[in-house]
Amino acid sequence: SQVSLEEESQNPPAVGHWKPLMPSKGDKEEPEGGCQDAGGVHEAQSTEQLDVSRLRSSSVEIREKGSEFLRDELHKAQKELKLKDKECERLSKVREQLEQELEELTASLFEEAHKMVREANTKQAAAEKQLREARGKIDMLQAEVTALKTLVITSTPSSPNRELHPQLQSPSKGGFRKGHGRNKSTSSAMVSAASQNVAPEPVSRECREVDSILFAEFQAWKESPTLDKSCSFLDRIYREDVGPCLDFTKQELSELVRVAVEQNTLTIEPVASQAVPVGKVAAEECGGPKKCALSGLPRTCKHRIMLGDSGNYYYISPSCRARITAVCNFFTYIRYIQQGLVRQDVELMYWEVMRLRREMSLAKLGFYPSEM
């Protein structure tokens, strides 16, 4: 009993004593003396072992609950990790697909860009070739127009260009020596008479003065050339020259002729140059070789006109042809100016327009060359 007390004093219990709620049956009567001491020691040991077993059971229970919680957390983390792996795999596939599409798009864009560059180079080369050809044609036309205008401008009634009018060439010195032989006195008399007849009379130099109003109107039109007759320059010429020049007896046909001249679709051709079947002449042509379709007067008609592509021909007299030709020459010249084919000083162009207006004035008054 002493040993047990010493052990009990040396090893105090970790937890307080647990006292039983109900005393056991053996505890009803307390033994006397040593029996009582032995029973107390035995009871203390059993209480201590019960406390230790309870502590062990509680620690085991806590350990099991902790491990179960950790297993649940680990399982959740593994599930989340699997989901993350699947998401990463899906995003990787999307990235690869996008990279492939980007490469294909880049390649197609480069190919399309190279194709467009090749087409642009081809078109540029063709355009440059056409430009060179057009410039060559323009230079050639300008040279021809310049040459023609030089010949036309240098030919005036006061000083006609003899290259354009060969009938004005003076007869050669030996022209009167041909034919039958005559005596010297008669031949010399004929030559002297002929020389007196063909000797040119001194012609006074033509004086010109620019009308300020007409020149101002022409300059304003020259800044922005147009064929619209609403501008002051063309409106004046329509009223003073074109209208009266194309005003014939047959009003309906005159209007058609005026429209054809404005649209540059009128054709004039000699009658004797092309033979027309009799049926076609009777069915489609107006007038005839002995009657003018515009004036309605009996005249010898050496030319005929066609309006556009109608196929209908109209015989015209020399006077009507001169009037139509004068108007056509005027429109041709102003079209050249509008297209930039005339490269002269403004004053020279103005005087050429005035010359063409004079031709229209003379034609509407009935003056025309004999070769008409």
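Criteria and thresholds
- Residues numbered from 1 in each chain as written.
- Predicted model: local features only at pLDDT ≥ 70, side-chain atom pairs only at ≥ 80, totals over all residues.
- Heavy atoms only, no water.
- UniProt positions renumbered as here; feature names shortened; annotations may be inferred.
- Pairing = 2+ DSSP bridges.
- Helix = DSSP H or I, 4+ residues; strand = E, 2+ residues; numbered from the N terminus.
- Axes fitted to C-alpha atoms, helices over the stretch in contact; angles between N-to-C directions.
- Buried < 20%, exposed > 50% of the residue type's maximum accessible area, 1.4 Å probe, protein only.
- Core = buried A, V, L, I, M, F, W, Y, C linked by side-chain atoms within 4.5 Å.
- Contact = heavy atoms within 4.5 Å.
- Expected span 1.5 Å × (residues − 1).
- Polar contact = N/O pair within 3.5 Å; in protein donor to acceptor, adjacent residues only side chain to side chain.
- Phe/Tyr/Trp six-rings, centres within 6.5 Å; stacked < 30°, edge-to-face > 60°.
- Patch = residues over 30% accessible without salt bridge, like charges linked within 9 Å, V, L, I, M, F, W, Y side chains within 5 Å.
- Areas by Shrake-Rupley, 256 points an atom, 1.4 Å probe, with all protein chains shown as cover.
- Salt bridge = Lys/Arg side-chain N within 4 Å of Asp/Glu carboxyl O.

- The protein chain is annotated in an unreviewed UniProt entry as R3GEF factor of Emberiza fucata.
- The record in UniProt for the protein chain states the following under Sequence similarities (unreviewed entry): "Belongs to the SEC2 family."

1. Side note on the sheet that holds strand β2 (residues 303–307)
Move 1: Taken in spatial order, the three strands make up an open sheet running β1-β2-β3, and their pairing is antiparallel. At either margin of the open sheet sits one strand with a lone partner, and together these are β1 (266–270) and β3 (313–316). If you compare each strand with its neighbour and ignore which way they point, the axes differ by 30 degrees on average.
Move 2: For β1 and β2, the ladder comprises five bridges, and the chain directions are antiparallel.

2. Points about the pairing of β3
Move 1: Burial along β3 is two-sided: Tyr313 and Tyr315 and Tyr314 and Ile316, pointing in opposite directions, are all buried.
Move 2: Across four bridges, β2 lies against β3 in antiparallel orientation. Each bridged residue has a counterpart across the sheet, and for Met306 the counterpart in β3 is Tyr313.

3. Points about the nonpolar core
Move 1: Ranked by size, the top nonpolar core spans 44 residues in total, and within it Val242, Val257, Leu294, Ile324 and Phe330 carry the most contacts.
Move 2: Only α4 (212–223), α5 (232–245), α6 (251–262), β2, β3, α8 (318–338) and α9 (346–364) provide two or more residues apiece to this core.
Move 3: A total of nine residues in this core trace back to one element, the largest contributor, which is α8.
Move 4: When sequence neighbours within four positions are dropped, the list of residues in contact with Ile324 reads Leu246, Phe248, Val257, Val261, Leu266, Ile268, Leu294, Ile305 and Ile316.

4. Regarding α9
Every α-helix carries 3.6 residues per turn, so stepping three or four residues along brings you back to the same face.
Move 1: The terminal C-alpha atoms of α9 lie 27 Å apart, and with 19 residues this matches the ideal 27 Å at 1.5 Å per residue to within 8%.
Move 2: Of all the residues in α9, the buried ones are Met349, Tyr350, Trp351, Glu352, Val353, Met354, Arg355, Leu356, Arg357, Met360 and Ala363.
Move 3: Here α9 starts with a cap whose side-chain oxygen sits 3.2 Å from the backbone nitrogen of Glu347, and that cap is Asp345.
Move 4: One or two steps after α9, the chain reaches Gly366, where phi turns positive at roughly 105 degrees.

5. Let's talk about the side chain of Arg304
Move 1: If you trace the backbone, Arg304 turns up in strand β2.
Move 2: At 2.7 Å, the side chain of Arg304 forms a polar contact with the side chain of Glu269.

6. Things to note about the packing of aromatic side chains
Move 1: Tallied over the entire structure, the rule returns eight aromatic pairs.
Move 2: On the basis of an interplanar angle of 35 degrees and a centroid distance of 5.1 Å, the ring pair of Trp221 and Phe233 is categorised as tilted. Of this pair, Trp221 sits in helix α4 while Phe233 sits in helix α5, placing them 12 residues apart in sequence. By the burial criterion, Trp221 is buried, and Phe233 matches it.
Move 3: Measuring from ring centre to ring centre gives 6.0 Å for Tyr238 and Phe331, while their planes differ by 70 degrees; the resulting arrangement is edge-to-face.

7. Describing α6
Move 1: A rise of 1.5 Å per residue sets the reference length of α6, with its 12 residues, at 16 Å; its end C-alpha atoms lie 17 Å apart and thus fit the reference within 8%.
Move 2: Packed against the buried residues of α6 are β1, β2, β3 and α8.

8. Description of a nonpolar patch on the surface
Move 1: Among the surface-exposed residues, Leu362, Leu365 and Phe367 lie close enough to one another that they form a single nonpolar patch of about 320 Å² accessible area.
Move 2: Along the chain, the position of Phe367 falls in the segment after α9.
Move 3: Using a relative accessible area of 54% as the deciding quantity, one classes Phe367 as exposed.

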